[in-house]
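Observations on the model geometry
If you want the building blocks of each chain, they are given just below.
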Amino acid sequence: MAEGNSRFSVYNQLILQICKMKMFSVSHKTVFVVDHCPYMAESSRQQVECDVLTKSRAQGVIPLAPVSKSLWTCAVECSMEYCRILYDIYPKDKLVNYIVSDSEFHILNSWRQEDQSTHELMSALAAVGPPNPREDPECCSILHGLVAAVESLCKITELQHERRTSLMDMAERVANRGRIICLTNAKSDTHVRMLEDCIQETILEQNKLAAGSDRLMAIQQCELVLVHIYPQGEDTLVSDRPKKEVGDMTHFAFSLKNTTPHLKALLLFLPLLPSQISPLLTSEVHSVRAGRHLATKLNILVQQHFDLASTTITNIPMKEEQHANTSANYDVELLHHRDAHLEFFKSGDLHMAGTSTRENGLKETVTLKWCTPRTNSIELHYCTGAYRISPTDVNSRPSSCLTNFLLNGRSVLLEQPRKSGSKVISHMLSSHGGEIFLHVLNSNRSTLEDPPSISEGCGGRVTDYRITDFGEFMRENRLTPVSESSHDPSGKLPAERAKAQLERHTRYWPMIISQTTIFNMQAVVPLANLIVKETLTEEDVLTCQKTVYNLVDMERKNDPLPISTVGSRGKGPKRDEQYRIMWNELETLVKTHAGATDRHQRVLDCIVACRSKPPEEEERKKRGRKREEREDRTEKNGSKDTEEKSWQESERLKGLLDKEEQEAEVIKDSPDSPEPLNKKPRLSTEEVQPPERAKGPVSLLSMWTNRITVANSRKHQEFVGRASSVNNKFELYQHLKDENGMDVHENGKASR
Amino acid sequence: MPTVVLMDVSLSMTRPVSLDGSEEFQRKNLAVHGLNMLFEHMASNYRLEFTALMAFSSLWELLVPFTRDYNALQEALSNLEDYDKTCVESALNGVSNVVQQEWGSACPCQVMLVTDGSLGIGKGSLRHSLQTLKQRGDDKKFPLPFPFPTKLFIMCIANAEELQMTDAMDNLEELLRLSGGDGQIFTVEGPLCMKSVQAMFGRLIDHAYSPFHAVLHCGNLSSDVQVFPRPEPIVVDEEVEPMPRTVSTDLEIVGFIEIADISSPPVISRHLVLPIAVNKEVDEVGAGATDELEEEPSASQMAGKSPNFCVLLHGSLKVEGMVALVQLGPEWYGMLYSQADSKKKSNLMMSLFEPGPEPLPWLGKISHLGPISEAAENPYGEDDSKSPFPVQPQVKRSYAQNVTVWIKASGLQTDVQKILRNARKLPDKTQTFYKELNRLRKAALAFGFWELLKGVADLLERECTLLPDSAHPDAAFQLSHAAQQLKLASTGDSQYAAFDHNIAPMHTDFSS
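Owing to the predicted nature of the structure, the values given are computational and were not obtained by experimental measurement.

Reading the values: rules and limits
- Think of each chain on its own: its residues are numbered from 1, step by step along the sequence as written.
- To label them, take the chains in the order written and letter them from A, then take the ligands in the order written and number them from 1.
- Local features are withheld for residues below a pLDDT of 70 in this predicted model, meaning they are given only at 70 or higher, and side-chain atom pairs are given and counted only at 80 or more; totals for whole chains, interfaces and linings count all residues.
- As a rule here, side-chain values come from all non-hydrogen atoms in the structure, and water together with hydrogens is ignored.
- Every case where a carboxyl oxygen of Asp or Glu lies within 4 Å of a side-chain nitrogen of Lys or Arg is listed as a salt bridge.
- To sort residues, take the accessible area from a 1.4 Å probe on protein chains only and compare it with the maximum for the residue type: under 20% means buried, over 50% means exposed, and anything in between is partly exposed.
- Here a strand is any run of E in DSSP of at least two residues, a helix any run of H or I of at least four, and the numbering for each starts at the N terminus.
- The contact definition used throughout considers only heavy atoms, calling two residues in contact when any of these lie within 4.5 Å.
- Two parts placed together each lose some accessible area; with a 1.4 Å probe, that loss summed over both constitutes the buried area.
- A 3.5 Å cut-off defines polar contacts: any pair of N or O atoms within that distance qualifies, except that in protein one atom must be a possible hydrogen donor and the other a possible acceptor, and neighbouring residues in sequence count only when both atoms are side-chain atoms.
- Each residue is assigned to one of three groups, with Ala, Val, Leu, Ile, Met, Phe, Trp, Tyr, Cys and Pro labelled nonpolar, Asp, Glu, Lys and Arg labelled charged, and all others, Gly among them, labelled polar.
- A pair of strands is treated as paired once DSSP finds two or more bridges between them.
- Between N-to-C directions, angles span 0 to 180 degrees; the directions come from axes that are lines fitted to C-alpha atoms, helices contributing only their stretch in contact.
- The span you would expect from a helix comes to 1.5 Å times its residue count less one.

Overview of the pattern of salt bridges
A full pass over the atoms with the stated rule returns 48 salt bridges over all chains. The closest approach of N and O atoms between Glu-503 of chain A and Arg-507 of chain A, which form a salt bridge, is 3.0 Å. Residue classification places Glu-503 of chain A among the partly exposed positions, given a relative accessible area of 27%. Of the charged contacts, one joins Arg-504 of chain A and Glu-534 of chain A as a salt bridge, the two residues approaching to 3.9 Å between their closest N and O atoms. One end of the pair, Arg-504 of chain A, is in helix H13 (residues 494–505); the other, Glu-534 of chain A, is in the loop between helix H14 (525–531) and helix H15 (538–557), and 30 residues separate them in sequence. Judged by its relative accessible area of 13%, Arg-504 of chain A falls in the buried class. Each of Arg-475 and Arg-478 of chain A together with Glu-258, Glu-320 and Asp-384 of chain B takes part in one network of salt bridges that share partners.

In structure tokens form, the structure reads like this:
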């Protein structure tokens, strides 16, 4: 028995493997057709004692008579249990259409996703109510429902529609298969055959109709599972029959065409498949007593239909209500996709893993042992599969204890019970967002063991990576779910926007500490954080400008910079050289973003305007005494350049003016500090720019003039002086200085 | 993906090959030459591959267990001895055992059968094995297909014409088909000689042992990398999407996620991501270019000193406990993370998720993960105390929503007892009493179990009569009200039996 059985399950497994590769296998669509005719109101004769009297109250009280479920109640609750398990494990893309049949058919829900829940179905069933025993049995038939089921199978589901649309001219790849589970009380085998024939005919008819419709699809394969329910204590009038063996094999050959060679190879070892009523329809009949037997049958069916397998978690410690400090060990059985046991199946290890065959021998479960969880360490396990679970006995106390424990965020490792040898952890139970998954952990030797360490490869010898900064970068570029409804004007999906953000954030991103100055400076942080943004607010621009002024201030105070001295002997570059490097780097960073918006450009302008240009700086230091004279010169220079004054310049001036108000006094008193920067521009401002222009925003006219000037300037060769000017200024009579013994070398170097 | 080289050492392999004007070679020499070339290639370009060497005739022997020591493999090749006849079936059984013992049954494996194409005669020959396929019991099953995913490469030290003269080619094709069809039969093109065999192994190298090079991008930061082992093409759905999907050579990071949020996701394969120096790529184009070996140390030392994005990424992923979500192709994603082995070594690893728009339900659709900067407020909180993950499904699972199942009598009894227990504690437990009552009412209505409603109504009425004198007067009112409501519902009258209707507590006022 056991042998035949295991062969049967291997056989079944192979068949299921073929189906697994298909999105649109028969399990995509399941139609329940439940008989609502008067005879279903009959009692199942299975009695339930619901008045359990406690001993203390027992005296003198007559207990309530036990209640008994009708055939209808049995059928409905078992079908609901089937759906519960199905929806737990496949919340999407495995759809149920529920039809009730009496003198007509009642379709309780549709294929649409929002109709797929037990709550929806229960609500609709409540509206239908139990069958009316007084209804005329002659008018009532399960046939109404079966015909409706075939029609329903022809209706296209959301997923089918979506895939057909996306496949365009390959739409025919989307198949239409389905299963009809009929819960009824049949009269005889002949009656059953009549029902089958009728379904067969209806399929042919409907397929013709479907051929001419966009919203209908012809049925390629239909599986009828007829469950004949009869009350306890009666003999069945209908015989059990496995998948019916009539018809030809052509259809199966057709479906094989698309399977992988691997699976085809596996199939060679199978005995010939049970054939069918027709290429379109297979049928099987189960004759079951109402009550417990029916529940077991449907539980087995849901497992077969949806590739499920069972795992029993054993040794679960659970606190007893009465004895809080002791805990008894419990077992809980879970259902899940059978692939969670694939490793056992393949290695033939099922028995080693603690399989037990139960009841009628059809149901197998793999036993795994609970490992008391350690403290919640966050670890990335190598997990080869994760499968949703559903407890077989959902509201039993052990089940709900286990599920609540998991739903509260704890994970449990599961161990294969072995008689000897080391312990093997093969699975893990864990919940994610209110759903519990059975994770399959890899317990084999890894082919990637002992790889060369990353420190031995490219870039492995470098020691000053900006690990912390990149960590910060990663935090800023973490992801978050964005609702599908929120639509971006650019039409980009959120993930594309995330990539765009990464692109912006990395336009200038030195990887090692010694390659950068600005990212080692706290003072730059506000600007560096803001400039990478897609858009800047006026306030952001202001913050950036403040950052720049702050740097100017630092320079003025001659604050040291965190320039790396790696690779250079001695003290490294001089302070002014350090600032030059810093300004260059800052400019590089901001330049990569300047094109984004005008506000980004303004930040760049601010830097260009504010950064000290070494020649000027040098001069100023050296010619403190000749200030008056130089100012005259600047004046002249300025007046010549009037037309070329860009609006950027005016921005700069404006900024500097603001700055001056804040800081002028501090600086003036310090003998060491360089010449106040603002002095000169202020003069030129007063002379050159109309006051309102310096203070207010740029006028349209000045922007226009600038543009024209720029355009014009391209048309002629630039004056030498203008081309090599610094901040629009060019020093005249430079040769005089040289002759006077000025340091030519330093000047030359600085103006490089 | 480990490799097993299954070398035919039967007598037929010693058949001489006549070469013009030079010394005579045996087919075995040619095979060894080809394998040597392969091993040299692997030693320099595919170093991390584990390879085992087995020799077979009528018996089989594991000459070198799985190793990365290609010298050992080459040495074993040079010491091959000659034995009797070819028996492929028993050798394949050997492969099956050796692989499963080492790697289990889930690890994909490449099996390379090196033979001259004379596949034995009589019992034990491949022809005989294939003819008797269908007449076997469970204990004597043909070893193919192997339990583990297999790529079978059949390297024939013979040309196709020669094999087609007998049924050898047909039998080898059958063998490949049985193994699952993934793999290839290689034959020598043109006359048998060192050069043609070398060319054949060259084709194998290009097909299966050329390193997979890609560029890892994170915005403008990037690094040339080798992904090891080579990611295999995946068929998502045989019917709807029969074309296999391949990993793109541009791996684009989408963003970053905390390890706790990604939470041990299921993956289809794992790969090392090894940074490579850009100029090296040119060297490796020519298969088996071994003359670069000498220069390599200095080149790799140079490469070691120039900063590489992979190292930076790895360091930060490790420190922060995060993973990088990486796009591998259209609607296909994976994750990059730091993986440490037991020693101090750690590495950048990439795991591939199942192809599709939503590989991990708890992340939602990957294409709908956006930058946190877009959110009105930081979903991680200012102090990283929160997380937007896991994404909650719209509908709760049965075990999370207190469903009613009465398939076992105990389920029904428990629910009835709960109501009675609360009934005895009225009016304190009024809320719980009605909550449980309504839950039972809903289920009974859905299941068409009106008899139960009547029964519970009777029970409540009895409880009413059993109330002690000390009971609060409200208790009696509530009990008879509830009983009456249940009775009304059990008539199926749409006014009282609506599913969404709830029995509300009777409004009483005993305060005055």
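Details of the interface of chain B and chain A
Buried accessible area, meaning the area lost when the parts come together, often serves as the stated size of an interface. Between chain B and chain A, the contact holds 146 residues from the first and 136 residues from the second. Of the roughly 12,200 Å² buried between chain B and chain A, counting both surfaces, carbon and sulfur atoms make up 61%. The interface formed by chain B and chain A holds twelve salt bridges in total. Of the charged contacts, one joins Glu-320 of chain B and Arg-475 of chain A as a salt bridge, the two residues approaching to 2.7 Å between their closest N and O atoms. For the pair chain B and chain A, the number of links is 48 residue pairs in polar contact (both at pLDDT 80 or more). If one sorts the elements of the side of chain B that touches chain A by residue count, helix H11 (residues 309–320) of chain B sits on top with eleven residues. Along the lines of polarity and charge, the residues of the side of chain B that touches chain A split into 85 nonpolar, 32 polar and 29 charged. The pairing of strand S17 (residues 479–481) of chain A with strand S16 (residues 369–371) of chain B spans three bridges and is classified as antiparallel. Bridge pairing in S16 of chain B links Thr-480 of chain A to Gly-370 of chain B.

Structural notes on the sheet that holds strand S5 (residues 60–67) of chain B
Residue and element names in this part refer to chain B. Strand order in the open sheet formed by six strands is S5-S4-S1-S6-S7-S8, and the pairing between neighbours is mixed. Of all the strands in the sheet, just S5 and strand S8 (183–188) have a single pairing partner and so form its edges. Each neighbouring strand pair of the sheet contributes to a mean axis angle of 15 degrees, computed without reference to strand direction. Both strand S6 (residues 109–115) and strand S7 (residues 150–159) contribute to a ladder of seven bridges, which runs parallel. Following the sheet pairing, Leu-113 is matched in S7 by Ile-154.

Observations concerning helix H13 (residues 430–446) of chain B
Residues and elements named next belong to chain B. Helix length check: H13 (17 residues) gives 24 Å between terminal C-alpha atoms against 24 Å at 1.5 Å per residue, within 8%. Within H13, 14 of the 17 residues are buried, leaving the element largely enclosed by the surrounding structure. Once H13 ends, the next one or two residues include Gly-448, with phi positive near 65 degrees.

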